[in-house]
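# Breakdown of the fold
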Amino acid sequence: MPDPQVTRVEVGGRTLRLTSLDKVMYPATETTKGEVLAYYAQVAPVLLPHLADRPVTRVRWPHGTGDASFFEKNVPSGAPSWLPRVQVDDVTYPLMPDQATLTYLVNLNALELHVPQWTVVDGEPQHPNRLVIDLDPGPPAGLHECARAALVVRERLERLGMELYPVTSGSKGMQLYAGLGGDLSSAQVRDLAQQLAQELTGEHPDLLLWRMTKTLRPGKVFLDWSQNVAAKTTISPYSMRGRDDPWVAAPRTWDEVEEGAEDPEALRQLETHEVLERLDRDGDLLEDLLG
């Protein structure tokens with residue numbers, strides 16, 4: 001007899017076995033694994049270009065967000081031979097060039113997809129093609145303070161001729177991305193971001209921090225420049241997060257950020273259905289970041 005917990009689907013010419021689609025992954029909202037897979041299927045056309053050629057680290061919640069999770073870098077055991085992969089140092093990472101690969105890995109309860117700022121070409125890591133500043137608020141600071149910080153960072157980087165793209169992280173804060181030409185090493189980008197964070201902290205000491213000093217964190221925004229270190233990864237735009245609610249790392253407009261800097265109630269994290277509605281209306285706000 002067929003297993004009622006298994007559903008066979010055709011995705012990109014591959015036959016996949018999806019399991020336990022009724023499993024509740026987000027207890028607070030009763031969001032099921034089937035709904036998670038449906039979100040990723042719908043968002044795939046805009047998500048996959050942001051994952052392209054980047055090794056993907058996943059965070060898996062085997063029993064939903066109400067239970068334990070773990071990071072997974074290596075290709076999971078039992079993965080099919082067709083699943084693309086690349087070895088970087090001593091880790092064999094999966095790549096996600098298509099919806100079949102995305103669906104296979106999400107079916108293993110991988111809610112979060114994290115990537116570095118660099119890509120691989122012919123199996124070799126390249127120089128980073130984007131810079132990221134992670135805005136991490138120390139409670140009671142939140143998105144209001146992050147929005148204020150984002151405007152400060154934008155003004156400074158615009159003077160360097162760099163265009164920034166804001167993303168609410170789906171967790172506590174925000175990320176700010178800028179495209180790079182690929183002529184700087186990860187170490188050089190890290191140093192640039194660190195110098196920027198130090199300068200802005202000196203100019204706005206009541207709002208910003210450049211060092212993760214716990215005693216100084218409350219009420220301020222940590223400018224996490226270290227996300228540009230070659231070994232570090234950042235949540236991918238359009239990835240879900242393993243929080244109580246099915247929040248998403250969601251691209252935002254600068255109008256929204258400016259409003260959030262003025263009004264503490266104006267900016268909040270977005271859920272899956274809101275992100276899909278925005279995509280239908282606005283398209284990918286990060287399209288220009290792809291180059």
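Higher on the page you've got the structure.
A brief structural summary. All of these numbers come straight from a predicted model, not from anything done at the bench.

Once that is clear, we can look at the pattern of salt bridges. Under the defined criterion, the tally for this structure stands at 13 salt bridges. Residue K172 pairs with D136 through a salt bridge whose shortest N-O separation is 3.4 Å. Linking K172 in the loop between β13 (164-168) and β14 (174-179) with D136 in strand β12 (residues 130-137), this pair joins segments that are 36 residues apart in sequence. On the accessibility criterion, K172 (41% relative accessible area) is partly exposed. A relative accessible area of 15% places D136 in the buried class. Residues joined by salt bridges that share partners form a network here, namely R58, R60 and E72.

Across a sheet, paired strands are connected by hydrogen bonds in the backbone, their directions being either parallel or antiparallel. Read from one edge of the open sheet, six strands run β15-β16-β12-β14-β13-β19, paired in mixed fashion. The sheet terminates laterally at β15 (208-209) and β19 (250-251), the two strands that pair on one side only. As paired strands, β13 and β19 are joined by two bridges and run antiparallel to one another. Opposite T168, over in β19, you have A250 as the bridge partner. In this fold helix α3 (residues 143-158) packs onto β12, β13, β14, β15 and β16 (221-224), with an angle of close to 20° to the strand it touches most, β14. Against the sheet, helix α4 (residues 186-203) engages β12, β15 and β16, with an angle of about 40° to β12.

Scoring rules and cut-offs
Residues numbered from 1 in each chain as written. Predicted model: local features only at pLDDT ≥ 70, side-chain atom pairs only at ≥ 80, totals over all residues. Heavy atoms only, no water. Salt bridge = Lys/Arg side-chain N within 4 Å of Asp/Glu carboxyl O. Helix = DSSP H or I, 4+ residues; strand = E, 2+ residues; numbered from the N terminus. Buried < 20%, exposed > 50% of the residue type's maximum accessible area, 1.4 Å probe, protein only. Pairing = 2+ DSSP bridges. Contact = heavy atoms within 4.5 Å. Axes fitted to C-alpha atoms, helices over the stretch in contact; angles between N-to-C directions.

That's the geometry; what it means functionally is another story.
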